[in-house]
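Examining the three-dimensional arrangement
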Amino acid sequence: MIAFATAIEPLRIANRVAGREVYRWRLASVQGGSIHASNGVTVEATSSLEDERRALLSEKRPSMVLVCAGILVEHFQERSAYSYLREAHKRGITIGGLCTGAWVLASSGLLTNRRCAIHWEYMAGFSEAFPDVEVYADLFEMDHNIYTCAGGTASLDMMLALIQEDLGDDVVNQVCEQALADRVRGAHDRQRLPLRARLGVHHVKVLRAIEIMEANLADPLSLSEIAEQVGLSRRQVERVFEKEMGRSPARYYLEIRLDRARHLLLQSKLPIIEIAIACGFVSASHFAKCYRELYSRTPQQERAGRAVLAAVSQ
């Protein structure tokens, strides 16, 4: 809902600032009718996929099609939507994805060898599902006539970039003032808070050690190797981690590897043994043991629960 609203509202405000209808939009869904957001709000789509297919050959032909998606997007398999997006793209219409909309675009075959952005929580699963797509942890990406953003308030940033192209800086600044946005963020601004703010840690050596860990999940480094890279002894690394993080560096390293594994379990169809290997575990049994200790359920139970949630949502 955040991604959806912050994509539309800048256009409404731009029309108001410009004093004329620069932008028009309509809402479409596969079947048309009501769409229920995950927060319980209902949105009324005034057009169906079939209506939109006919519109491609009429005066109602759009200049841009934006796909807005959220959680459980990996379970969306609507071939008619894929074919519509490909047809629209072939006709020169700009295609965009909001939040996890890039997943739908990739499933349609529109992102092969292209740059895109997707919400950080879906990056691991997306990379595994679509290895031929260049995915980045940016706020948004504009690769020729394919636009994608990471969702949340990044939709606002991408739409401001579009408005800037069309109407210039003055209108964009006025839109920001109306939306109480204190600045225009660039495409390559970070999605997540810096480690310092996210973890509440200020020790430079600890932050550097965590960065090294996050960059080496499939092939974990030894504590001695990490200590050497941050310029401390092994004992010093252990001591500052206990003080700053409340646990040993080995424990923290294990937790971030299991966190990545959890995202892969929920967002990909990779066999559990492949997920285990991708996250630095030597065997499925060792992975399952560690996973259960942290999350109080097995990898199989985690994946089964996600499948049940997807079935209920449909």
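Residues numbered from 1 in each chain as written. Predicted model: local features only at pLDDT ≥ 70, side-chain atom pairs only at ≥ 80, totals over all residues. Heavy atoms only, no water.

Helices and strands together make up the secondary structure of the protein chain, namely 15 helices and 10 strands. Across its three principal axes, the protein chain shows a C-alpha extent of roughly 70 × 45 × 35 Å. A total of 314 residues make up the protein chain; the buried ones form 43% of that total. Across the protein chain, contacts joining residues at least 24 apart in sequence account for 58% of those joining residues at least 6 apart. When the accessible surface of the protein chain is totalled, it reaches about 16,600 Å², and 50% of it is carbon and sulfur. In the protein chain, which carries 38 positive and 38 negative side-chain charges, the distance between the mean positions of the two groups comes to 4 Å. (Helix = DSSP H or I, 4+ residues; strand = E, 2+ residues; numbered from the N terminus. Buried < 20%, exposed > 50% of the residue type's maximum accessible area, 1.4 Å probe, protein only. Contact = heavy atoms within 4.5 Å. Areas by Shrake-Rupley, 256 points an atom, 1.4 Å probe, with all protein chains shown as cover. Lys, Arg positive; Asp, Glu negative; His and termini not counted. Charge placed at Lys NZ, Arg CZ, Asp CG, Glu CD.)

Between its terminal C-alpha atoms helix α6 (residues 154–167) stretches 20 Å, which fits the 20 Å expected from 14 residues at 1.5 Å a residue. Taken together, the buried positions of α6 are occupied by A154, S155, L156, D157, M158, M159, L160, A161, L162 and I163. On the buried face of α6, the contacting elements are α1 (2–18), β5 (64–69), β6 (94–99), β9 (140–143), β10 (146–149) and α7 (169–179). Phi turns positive, to about 95°, at G168, one or two residues after α6. (Expected span 1.5 Å × (residues − 1).)

On to the sheet that holds β10, then. An order of β5-β6-β10-β9 is seen for the four strands of this open sheet, with the pairing classed as mixed. Every interior strand has two partners, whereas the edge strands, β5 and β9, have only one. Going across the sheet, the axis of each strand differs from the next one's by a mean of 10°, ignoring polarity. Both β6 and β10 contribute to a ladder of three bridges, which runs parallel. In the sheet register, G96 faces β10, and the bridge partner there is Y147. (Pairing = 2+ DSSP bridges. Axes fitted to C-alpha atoms, helices over the stretch in contact; angles between N-to-C directions.)

Interaxial distance between helix α12 (residues 249–267) and helix α14 (residues 284–295) falls to 10 Å at its minimum, and their mutual angle equals 95°. Judged by the angle between their axes, α12 and α14 are roughly perpendicular. Contact with α12, carried on its side by R251, L254, E255, L258, D259, A261, R262 and L265, involves F287, C290, Y291, L294 and Y295 of α14 and no other residues of that element. (Parallel < 35°, antiparallel > 145°, perpendicular 65-115°, else oblique.)

A complete count under the given rule lists nine aromatic pairs for this structure. Taking the centre distance of 5.0 Å and the plane angle of 50° together, the rings of F126 and F130 count as tilted. Using a relative accessible area of 0% as the deciding quantity, one classes F126 as buried. Here Y291 and Y295 contribute two aromatic rings whose centre-to-centre distance is 4.7 Å and whose plane-to-plane angle is 45°, an arrangement assigned as tilted. You can see Y291 and its partner Y295 sitting in helix α14, four residues apart, about one turn around the helix. No difference in accessibility class separates Y291 from Y295, as the two residues are buried. Through successive ring pairs, a cluster of aromatic residues spans W103, Y122, F126 and F130. Sitting over the ring of F281, R257 keeps its end group 4.3 Å from the ring centre. A cation sits over an aromatic face here: R262 above Y295, 5.9 Å from the ring centre. (Phe/Tyr/Trp six-rings, centres within 6.5 Å; stacked < 30°, edge-to-face > 60°. Lys NZ or Arg CZ within 6 Å of the ring centre and 35° of its normal.)

A positive phi is found at N113, a non-glycine position, where the angle reads about 60°. Here N113 is to be found in the loop between α4 (101–107) and β7 (115–117). Phi is positive for L180, which is not a glycine, with a value near 60°. Looking at the secondary structure, you find L180 in the loop between α7 and α8 (195–199).

Residues L85, I95, L111, I118 and F126 are the most contacted members of the largest nonpolar core, which totals 29 residues. Those elements giving two or more residues to this core turn out to be β5, α3 (79–90), α4 and α5 (123–129). Beyond its immediate sequence surroundings of up to four residues, F126 is in contact with A102, W103, A106, L111, C116, I118, V133 and V135. Formed by 26 residues, the second largest nonpolar core is a distinct cluster that contains A3, A154, A161 and V175. (Core = buried A, V, L, I, M, F, W, Y, C linked by side-chain atoms within 4.5 Å.)

The next point concerns the pattern of salt bridges. A full pass over the atoms with the stated rule returns 18 salt bridges. With its nearest N and O atoms 2.9 Å apart, the salt bridge here joins E255 to R247. Assessed through its relative accessible area of 19%, E255 is described here as buried. Overlapping salt bridges bring together E50, D51 and R54 as one network. (Salt bridge = Lys/Arg side-chain N within 4 Å of Asp/Glu carboxyl O.)

Turning our attention to the pairing of strand β2 (residues 33–36). Note that β2 and strand β3 (residues 42–45) share four bridges and pair antiparallel. The partner of S34 across the bridge, within β3, is E44. Counting the residues in the hairpin turn of β2 and β3 gives five residues, including G40, whose phi is positive at 95°.

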